[in-house]
Amino acid sequence: MSWLELLNNLENGSVRAATQDEQGNWHANVEVKQGILEAFRNGTNVEFPGGFVDKDNLAPQGFNAQQNVRMVPGGSSVRRGAYVASGTIIMPPAYVNIGAFIDEGTMVDSHALVGSCAQVGKNVHLSAAVQLGGVLEPVGASPVVIEDDAFIGAGCVIVEGVVVKKGAVLAPGVRLSATIPVYDCVNERVLEKGEPIPENAIVIPGSRPSSSAWGREQGLSMSCALIVKYRDEQSDASLILEEVLR
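Sequence order as written defines residue numbering, which begins from 1 separately in each chain. Given that the model is predicted, a residue must reach a pLDDT of at least 70 before its local features are reported, and side-chain atom pairs must reach 80 or more before they are shown or counted; all residues, however, enter totals for whole chains, interfaces and linings. Remark: hydrogens and water are excluded; side-chain values derive from all non-hydrogen atoms of the structure.

Details of the state of the cysteines
Turning to step 1, where the next piece is worked out: Criterion for a disulfide: a pair of cysteine sulfur atoms within 2.5 Å. The final tally for this structure, using the stated rule, is 0 disulfides.
Turning to step 2, where the next piece is worked out: Not engaged in a disulfide, the cysteine Cys224 finds its nearest cysteine sulfur in Cys185; these two sulfurs lie 8.1 Å apart.
Turning to step 3, where the next piece is worked out: Look at Cys224 and you get buried, because its relative accessible area is 3%. Here the term buried applies to any residue with accessible area under 20% of the maximum for its type, exposed to any over 50%, and partly exposed to those in between, with areas from a 1.4 Å probe on protein chains only.

Regarding the UniProt feature "domain: Tetrahydrodipicolinate-N-succinyltransferase chain A" (unreviewed entry) in the chain
Turning to step 1, where the next piece is worked out: UniProt annotation of "domain: Tetrahydrodipicolinate-N-succinyltransferase chain A" (unreviewed entry) refers to residues 5-41 when read in the numbering used here.
Turning to step 2, where the next piece is worked out: Between the C-alpha atoms that bound residues 5-41 the distance is 15 Å, and the span itself is 54% helix and 16% strand. UniProt positions are given in the numbering used here, feature names are shortened, and annotations may be inferred rather than shown by experiment. Strands are runs of DSSP state E lasting at least two residues, helices are runs of H or I lasting at least four, and both sets are numbered from the N terminus onward.

Let's talk about the environment of Gly99
Turning to step 1, where the next piece is worked out: Locating Gly99 in the fold gives a position in the loop between strand E9 (95-96) and strand E10 (101-102).
Turning to step 2, where the next piece is worked out: Any two residues having at least one pair of non-hydrogen atoms within 4.5 Å are treated as being in contact. Residues in contact with Gly99, not counting those within four places in the same chain, are Leu10, Ala17, Ile36, Gly81, Ala82, Cys117, Ala118 and Gln119.

Overview of the nonpolar core
Turning to step 1, where the next piece is worked out: Among buried residues, those of type Ala, Val, Leu, Ile, Met, Phe, Trp, Tyr and Cys that are joined through side-chain atoms within 4.5 Å constitute a nonpolar core. One finds Val114, Leu132, Ile152, Ile158, Val164 and Leu176 to be the most contacted residues of the largest nonpolar core, which totals 37 residues.
Turning to step 2, where the next piece is worked out: Within the residue set of this core, elements represented by two or more residues are strand E24 (201-209) and strand E25 (221-230).
Turning to step 3, where the next piece is worked out: If we skip the residues at most four places from it in the chain, Val114 touches Tyr95, Val96, Asn97, Ala100, Ile102, Val108, Val120, Leu126 and Leu132.
Turning to step 4, where the next piece is worked out: Counting 13 residues, the second-largest nonpolar core is a separate cluster that includes Leu6, Ala17, Leu58 and Ile98.

Details of helix H2 (residues 30-42)
Turning to step 1, where the next piece is worked out: A helix's residues, less one, multiplied by 1.5 Å, set its expected span. The terminal C-alpha atoms of H2, which comprises 13 residues, lie 19 Å apart, in line with the 18 Å expected from a rise of 1.5 Å per residue.
Turning to step 2, where the next piece is worked out: Three or more residues of H2 are buried, namely Val32, Lys33, Gly35, Ile36, Leu37 and Ala39.
Turning to step 3, where the next piece is worked out: Residues of H2 that are buried make contact with helix H1 (3-12) and strand E2 (26-28).

A word on the pattern of salt bridges
Turning to step 1, where the next piece is worked out: Think of a salt bridge as a Lys or Arg side-chain nitrogen and an Asp or Glu carboxyl oxygen that are within 4 Å of each other. Taken as a whole and judged by the stated rule, the model has 7 salt bridges.
Turning to step 2, where the next piece is worked out: The closest approach of N and O atoms between Lys229 and Asp232, which form a salt bridge, is 3.2 Å.
Turning to step 3, where the next piece is worked out: The exposure class assigned to Asp232 is partly exposed, which follows from its relative accessible area of 31%.

Examining the packing of H1 against H2
Turning to step 1, where the next piece is worked out: Orientation is described by axes fitted as lines to C-alpha atoms, over the contacting stretch for helices, and by angles from 0 to 180 degrees between their N-to-C directions. Packing of H1 against H2 leaves a shortest axis separation of 9 Å and a crossing angle of 120 degrees. Comparing their axes, H2 and H1 come out oblique. Read as a crossing pair, H1 and H2 show a hand that is left-handed. Contacts from Trp3, Leu6, Leu7 and Leu10 of H1 reach H2 at Val32, Gly35, Ile36, Glu38, Ala39 and Asn42.
Turning to step 2, where the next piece is worked out: Polarity classes work like this: nonpolar for Ala, Val, Leu, Ile, Met, Phe, Trp, Tyr, Cys and Pro, charged for Asp, Glu, Lys and Arg, and polar for all others, with Gly in that last group. Across the contact of H1 with H2, the residue classes break down as 7 nonpolar, 2 polar and 1 charged. For classification purposes, angles smaller than 35 degrees are called roughly parallel, those larger than 145 roughly antiparallel, those between 65 and 115 roughly perpendicular, and all remaining angles oblique. Working rule for handedness: look at the near helix, and if it is turned counterclockwise from the far one by less than a right angle, call the crossing left-handed; if clockwise, right-handed.

The following block contains the structure:
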């Protein structure tokens, strides 16, 4: 497949930068990421209207009413090679990078970033200033994945291939990476490194004592995340999106 065919297939959703196996685990699609890098190598910097400069083959996408994607005016951009499904709302300013996948009914709020190759499921809410990290190299590195019906609170940062499973809720300000520990206070365990945020988990920002004796003497603490409960009817009611906004 040529890089041009690849970009077209990424945009129509027939090809994705990551796939899920039968056990529910996500894996990077190495050939797709290699093709994206090939597109960069074959592009030439050109000027676009408004004083922007980018590769000539990676111009931002436009949408029409028939696609049922609502991108509100005010500085948002969806780059070439990203998929945005019907029913998606993109509030300004927001940015969706190449290789990203956004499924049906998702809200991308103001100042949100969906990084390169990040995968976002159906009916997800990415609140204001959410940052989903992107990854193109190394090609084998898995991207950030947010599964269906997850709610990501304002200012959350999710990077380094973290997977957030279906229905999980992240409170504002949660930081998740490969090195930030997640404590499940319900089941009294620490998630293994690289283990996904479980389905329906409600996660809040936390802190833990410094790992060094000197740090503890100074009263220093380190960032962590805490699973404090799992979704129930009461928590679901507080997360209902106003359908009138759609």
